[in-house]
Amino acid sequence: MRERRSRRVVRAALPVVLSTMIVAGCTARGGYEGVQASLRNECARRPPSQYEECMAEANGSWEDYERERAQLREDAAGADPPPR
């Protein structure tokens, strides 16, 4: 049941995300903003007990996202390669 709902959300959000990316010139920031807009729309459908947490996640700034992404890259670059 949950999987069906997730698929419906993805199908519903995909046109919004794609159109946002096209309008924004297919930039990474435009894609990020499109995904965030879709997440905010999904938050509106959540029960009140989940709304605030959902919106906090959906309203993350581009700058915070970039910092986290850079940190993950740094951590991955410094990590030992996986054993073969």
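For the structure itself, consult the block above.
Residues numbered from 1 in each chain as written. Predicted model: local features only at pLDDT ≥ 70, side-chain atom pairs only at ≥ 80, totals over all residues. Heavy atoms only, no water.

Novice: Sorry if this is basic, but what is going on with the state of the cysteines here?
Specialist: Tallied over the full model, the rule gives 1 disulfide. A disulfide bridge connects Cys43 with Cys54, and the sulfur atoms are separated by 1.9 Å. Residues Cys43 and Cys54 share a disulfide whose torsion about the S-S bond is about -85°; that sign makes it left-handed. Here Cys54 lies in helix H3 (residues 48-58) and Cys43 lies in helix H2 (residues 28-44), a separation of 11 residues in the sequence. Grouping residues by exposure puts Cys43 and Cys54 together as buried. (Disulfide = S-S within 2.5 Å. Helix = DSSP H or I, 4+ residues; strand = E, 2+ residues; numbered from the N terminus. Buried < 20%, exposed > 50% of the residue type's maximum accessible area, 1.4 Å probe, protein only.)

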